[in-house]
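# An overview of the molecular structure
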Amino acid sequence: MAEEPVNEQWRTERDRLARAEVMARSADGRVRVKATSGARVTALRLDDGVLRRYDTGALSDLITRTVRDAQMRAHDTYVEALEQLDPATGQPRR
């Protein structure tokens, strides 16, 4: 199966989409994570008091789940946006 030709504008847009950050929050909103589609975590925010609310094991699990959620959301957002681009033009499909 032959690959579709890809132009420079498509590559530029793909790279821009790959750098876009997506935010995820824990169910209680006390942990917030930003990540890119390449699974790169760009920010981790803990609300005041989160260390008093959770023991270390529970907080570790909460952070891990929130990071994974942010990474999955970022990847899904990237894939959906990329599918909307025409590889030949780098413009949204009509």
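Going by the structure above, here's the rest.
The numbering scheme is per chain: residues are counted from 1 as the chain's sequence reads. Residues qualify for local features only when their pLDDT is at least 70, as the model is predicted, and side-chain atom pairs are given and counted only at 80 or more; totals for whole chains, interfaces and linings, by contrast, use all residues. Processing note: side-chain calculations cover all non-hydrogen atoms of the structure and skip hydrogens and water entirely.

Here we take up the sheet that holds strand S3 (residues 41-46). Strand pairing is assigned whenever DSSP identifies at least 2 bridges connecting the two strands. Every helix listed is a DSSP run of H or I at least four residues long, and every strand listed is a run of E at least two residues long, numbered separately from the N terminus. What the three strands build is an open sheet, ordered S1-S2-S3; its pairing is antiparallel. In this open sheet, the two edge strands, each paired with only one partner strand, are strand S1 (22-25) and S3. In this sheet, neighbouring strand axes are inclined to one another by 15° on average, regardless of whether the strands run parallel or antiparallel. Here four bridges tie S1 to strand S2 (residues 31-35), and the two strands are oriented antiparallel to one another. From the neighbouring strand, Val22 faces S2, where its bridge partner is Ala35. The angle between two axes is taken between their N-to-C directions and runs from 0 to 180 degrees, where each axis is a line fitted to C-alpha atoms and a helix contributes only its stretch in contact.

Helix H3 (residues 56-83) packs onto helix H1 (residues 8-19) with a crossing angle of 160° between their chain directions and a minimal axis gap of 9 Å. Comparing their axes, H3 and H1 come out roughly antiparallel. For the crossing formed where H1 meets H3, the hand is right-handed. Of H3, the residues touching H1 (which contributes Trp10, Arg14, Leu17 and Ala18) are Tyr78, Ala81 and Leu82. Under the scheme applied here, ten amino acids are nonpolar (Ala, Val, Leu, Ile, Met, Phe, Trp, Tyr, Cys and Pro), four are charged (Asp, Glu, Lys and Arg), and all others, including Gly, are polar. Its residues assigned to classes, the contact of H1 with H3 shows six nonpolar, no polar and one charged. In these notes the angle categories are as follows: under 35 degrees is roughly parallel, over 145 is roughly antiparallel, 65 to 115 is roughly perpendicular, and the rest is oblique. Note: crossing handedness is left-handed where the near helix turns anticlockwise from the far helix by less than a right angle, and right-handed where it turns clockwise. Contacts: residue pairs with any heavy atoms within 4.5 Å of one another.

Here we take up the nonpolar core. One broad trend across soluble globular proteins is that nonpolar side chains are buried collectively. Core analysis: the largest hydrophobic core is formed by ten residues, namely Ala24, Val31, Val33, Ala35, Val50, Leu59, Leu62, Ile63, Val67 and Ala70. Sorting elements by how many residues they give to this core places H3 first, with five residues. In this structure Ala35 touches Ala20, Glu21, Val22, Arg40, Val41, Thr42, Ala70, Gln71 and Ala74, once residues within four positions along its chain are discounted. Only buried Ala, Val, Leu, Ile, Met, Phe, Trp, Tyr and Cys residues count toward a nonpolar core, and they belong to the same one when joined by side-chain atoms within 4.5 Å. Only protein chains enter the accessibility calculation, which uses a 1.4 Å probe; a residue is then buried when its area is under 20% of its type maximum, exposed when over 50%, and partly exposed in between. Ranked by size, the runner-up nonpolar core spans five residues in total, among them Trp10, Leu17, Leu82 and Leu85.

To continue, consider the environment of Val50. Structurally, Val50 is set in helix H2 (residues 50-53). Given the relative accessible area of 1%, Val50 is considered buried. Those residues within four positions of Val50 in sequence are excluded, and the remaining contacts are Arg30, Val31 and Leu59.

Within the secondary structure layout, Leu82 lies in helix H3. Taking C-alpha positions, Leu82 is 11 Å from Thr12, a pair spaced 70 residues apart along the chain. Beyond its immediate chain neighbours, meaning those up to four positions away, Leu82 contacts Trp10, Arg14 and Leu17.

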